[in-house]
Amino acid sequence: MEDEFIVALDLSGMTEDLGYVVTGPFATLSEGVLAIQGQRPDAAILDVQLADGDVFPLADELTRMGVPIIFHSGHADSQSLISRYPGACSASKPCSPDLIATYLHQLTASLMPDRATPF
């Protein structure tokens with residue numbers, strides 16, 4: 001989930017370069033909600049503020065489904081996010097691609113690399 005086009009392309013490309021299959025990116029909350037109705041992702045990278053509102057309803061549903069989350073936002077307090085979503089990771093924008101890669105590997109370690117499909 002990322003509503004900034006360049007950031008979305010960068011995250012998608014980096015994630016694919018790591019060997020993951022990417023579904024998305026999605027720029028709006030409504031697109032994300034529709035996407036998880038069709039397929040449960042193995043992990044999700046979520047910006048907090050999207051074009052049509054905060055990502056929290058989607059994050060709540062992903063948490064209910066047991067999907068690990070990486071918050072990637074310049075507009076959120078990491079401590080609050082981790083408190084609300086225990087087990088989630090938080091990376092403030094801008095951050096190193098290595099940090100996102102580390103989080104993805106940690107969150108999907110139990111999955112076979114060719115099976116992991118982050119959002």
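Check the entry above for the structure.
Computed from a predicted model, the values in this text were never measured in an experiment. (Residues numbered from 1 in each chain as written. Predicted model: local features only at pLDDT ≥ 70, side-chain atom pairs only at ≥ 80, totals over all residues. Heavy atoms only, no water.)

Draft legend 1. Molecular detail of the pattern of salt bridges. Counted by the stated rule, this structure contains three salt bridges. The partner of Glu61 in a salt bridge is Arg64, with the nearest N and O atoms 2.5 Å apart. One end of the pair is Glu61 and the other is Arg64, both in helix α3 (residues 56–64) and three residues apart, which spans about a single turn. For Arg64, a relative accessible area of 61% corresponds to the exposed category. (Salt bridge = Lys/Arg side-chain N within 4 Å of Asp/Glu carboxyl O. Helix = DSSP H or I, 4+ residues; strand = E, 2+ residues; numbered from the N terminus. Buried < 20%, exposed > 50% of the residue type's maximum accessible area, 1.4 Å probe, protein only.)

Draft legend 2. Spatial organisation of the state of the cysteines. Scanning the entire structure with this criterion turns up zero disulfides. Cys95 provides the cysteine sulfur closest to Cys89, a residue in no disulfide bond, and the two sulfurs are 11 Å apart. Classification of Cys95 as partly exposed rests on a relative accessible area of 25%. (Disulfide = S-S within 2.5 Å.)

Draft legend 3. Region of the structure containing the layout of surface pockets. The computed volume of the largest pocket comes to approximately 180 Å³. The wall of the largest pocket is formed by Val7, Asp10, Leu11, Met14, His72, Lys93, Pro94, Cys95, Pro97 and Ile100. Elements that contribute at least two residues to the lining of the largest pocket include exactly α1 (5–17) and α5 (97–107). The residue makeup of the lining of the largest pocket, split by class, is seven nonpolar, one polar and two charged. (1 Å grid on protein atoms, 1.4 Å probe; cavity = no way out; pocket = protein on both sides within 12 Å on 5 of 7 lines; lining within 4 Å. Points joined across faces, edges and corners; volume = space filled by probe spheres on them. Nonpolar A, V, L, I, M, F, W, Y, C, P; charged D, E, K, R; others polar.)

Draft legend 4. Focus on the nonpolar core. Among the nonpolar cores identified, the biggest contains 20 residues, and Met1, Leu46, Val55, Leu58, Leu62, Ile69 and Phe71 are the most heavily contacted of them. Those elements that place two or more of their residues in this core are α2 (29–38), β1 (44–46), α3 and β4 (69–73). Counting residues per element, this core draws most heavily on α3, at four residues. Ranked by size, the runner-up nonpolar core spans twelve residues in total, among them Met14, Ala91, Ile100 and Leu104. (Core = buried A, V, L, I, M, F, W, Y, C linked by side-chain atoms within 4.5 Å.)

Draft legend 5. Region of interest: the pairing of β4. Across the five residues that make up β4, a large majority, five, are buried. Here β4 shows two buried faces, one formed by Ile69, Phe71 and Ser73 and the other by Ile70 and His72. Sheet topology places β1 next to β4; three bridges connect them, and they run parallel. Bridge pairing in β4 links Ala44 to Ile69. Sheet topology note: the β4/strand β5 (residues 89–92) ladder contains four bridges and is parallel. (Pairing = 2+ DSSP bridges.)

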